[in-house]
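Read off the chains here:
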Amino acid sequence: MVARPVDGELRGARLRLVEALREKGIRDLSVLRAFEMTPRHMFVPTGLRHRAYEDAPLPIGSGQTISQPWVHARYLELLHLTGKERVLEIGTGSGYQTVLLAHLVAQVFSIERIPALMQQARENIRRAGVNNVSVLLGDGTIGWREYAPYDAILVSAGAPSIPQPLLDQLAEGGRLLIPVGDREEQKLVVAERKNGQITMRDEAPVRFVPLLGSHGWNGDAGGTGGA
Ligand code: SAM
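Residues numbered from 1 in each chain as written. Predicted model: local features only at pLDDT ≥ 70, side-chain atom pairs only at ≥ 80, totals over all residues. Heavy atoms only, no water.

Draft legend 1. Spotlight on the sheet that holds strand β6 (residues 150–155). With mixed pairing, 7 strands are arranged side by side in an open sheet as β5-β4-β3-β6-β7-β8-β9. Among the strands making up the open sheet, the edge pair consists of β5 (133–137) and β9 (197–206). Across the sheet, the mean angle separating the axes of adjacent strands is 15° when strand polarity is ignored. The pairing of strand β3 (residues 86–90) with strand β4 (residues 107–112) spans 5 bridges and is classified as parallel. When the sheet's bridge partners are listed, V87 is paired in β4 with V108. Across the sheet, helix α5 (residues 115–128) touches β4 and β5, and the angle it forms with β5 is around 165°. (Pairing = 2+ DSSP bridges. Helix = DSSP H or I, 4+ residues; strand = E, 2+ residues; numbered from the N terminus. Axes fitted to C-alpha atoms, helices over the stretch in contact; angles between N-to-C directions. Contact = heavy atoms within 4.5 Å.)

Listed below in C-alpha cells is the structure:
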C-alpha cells in the first residue's frame, strides 16, 4: 500500500533515465522498454534509492556494484535479442540486469558466487514479478552445464581470459559478451559461434569488478569499484 505512491513518484525519474540512455545512443526500443519496466530503486540499498536513476554504478554490498545503466543497455543492445533466447548471466549481483533480461528473452539462467548477494537478488527478482528466471549460487566461470547450450552468455565481471566452459556452452549462432583484461581495466569482447567456429572482436574499454573462480581470477579479493 505504502509502496505505490513512491513507485509512481519514481516513474518520472525512470523515464528521465530512459531518455538519457536514448540521448547517449541507445536505439533498441525493446531495450529502452525493459528499462522503463524495471524499477532500479528496488535493486539498490535503501540509503541509495534517491540515486537509483542516475546513470552511474552504485555499491550493492559485499564490495560489489550494480553497473552503470548505460553499460547494461549497451550490453543488451549488442546481443541483438529477439525474445526467443535462453540466456546465461554470470554475476547476478543485485538481480537488476537479470530482470532487464527477463523482459527481453524467453529464459534467463543467472549465477552469483556471493551468498548474501544471491539471497537479496532472489528477493529482488521475486518482487519484480518475473517468472522466467532461474538462479544458482556458485562459480559462474564453469557455466551451468545442465541447461546448456545458451543463445547468449553475459559475463558481468572482468576476466583474465575467456573461460573455456563458457565457450563450450555457447549455442551455434550464439554470442558471448565478456570483459577481458586485468583486474582494473578490460576490453569488452564479443565472441560468436558460427559454423562451429568461434570469432572474436573487441568492442570497447570497460571497468568491471573481477571475475573470481576456477577459470577467472584466484583469491577472494572484493571489487575494485568499477562498473
Ligand atoms: N549486473 C549486476 C547487477 O545488475 O546488479 C551487477 C554485477 S557486478 C558488476 C559483478 C558480479 O559478479 C558480483 O556480484 C560478483 O560477486 C559476481 N561474480 C564475480 N565472480 C563470479 C563468479 N565466478 N561466479 C558468479 N558470480 C561472480
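The discussion continues.
Draft legend 2. The arrangement of the environment of G63 in detail. By secondary structure assignment, the location of G63 is in the loop between β1 (58–61) and β2 (64–66). Residue G63 is classed as partly exposed on the basis of its relative accessible area of 47%. Once the C-alpha coordinates of G63 and V209 are considered, the two residues, 146 residues apart in sequence, prove to be 9.0 Å apart. (Buried < 20%, exposed > 50% of the residue type's maximum accessible area, 1.4 Å probe, protein only.)

Draft legend 3. Here's a closer look at the pattern of salt bridges. Tallied over the full model, the rule gives 14 salt bridges. Two residues, D55 and K24, come together in a salt bridge whose shortest N-O distance is 2.6 Å. In this pair, D55 is assigned in the loop between α2 (29–37) and β1 and K24 in the loop between α1 (3–23) and α2, connecting sequence segments 31 residues apart. Here K24 falls in the partly exposed class, since its relative accessible area comes to 45%. Put simply, K187 and D202 hold a salt bridge, and the shortest N to O gap is 3.9 Å. With K187 in strand β8 (residues 186–194) and D202 in strand β9, this residue pair connects regions lying 15 residues apart in the sequence. One network of salt bridges, with partners in common, ties together R74, E77, R175, E192, K194, R201 and E203. (Salt bridge = Lys/Arg side-chain N within 4 Å of Asp/Glu carboxyl O.)

Draft legend 4. Examining the packing of aromatic side chains more closely. Within the structure shown, the criterion is met by 7 aromatic pairs. Arranged with centres 5.8 Å apart and planes meeting at 45°, the rings of Y75 and F208 form a pair that is tilted. Of this pair, Y75 sits in helix α3 (residues 69–78) while F208 sits in the segment after β9; the two residues are 133 residues apart in sequence, bridging distant segments of the chain. Residue F208 is classed as buried on the basis of its relative accessible area of 3%. Cation over ring: R40 sits above Y96, and NZ or CZ is 5.7 Å from the ring centre. (Phe/Tyr/Trp six-rings, centres within 6.5 Å; stacked < 30°, edge-to-face > 60°. Lys NZ or Arg CZ within 6 Å of the ring centre and 35° of its normal.)

Draft legend 5. Spotlight on the nonpolar core. F35, L76 and L101 are the most contacted members of the largest nonpolar core, which totals 49 residues. If we skip the residues at most four places from it in the chain, L76 touches V31, F35, L81, L100, L101, L104 and L154. The next biggest cluster of nonpolar side chains, apart from the first, holds 21 residues, and it includes Y150, I153, L176 and V180. (Core = buried A, V, L, I, M, F, W, Y, C linked by side-chain atoms within 4.5 Å.)

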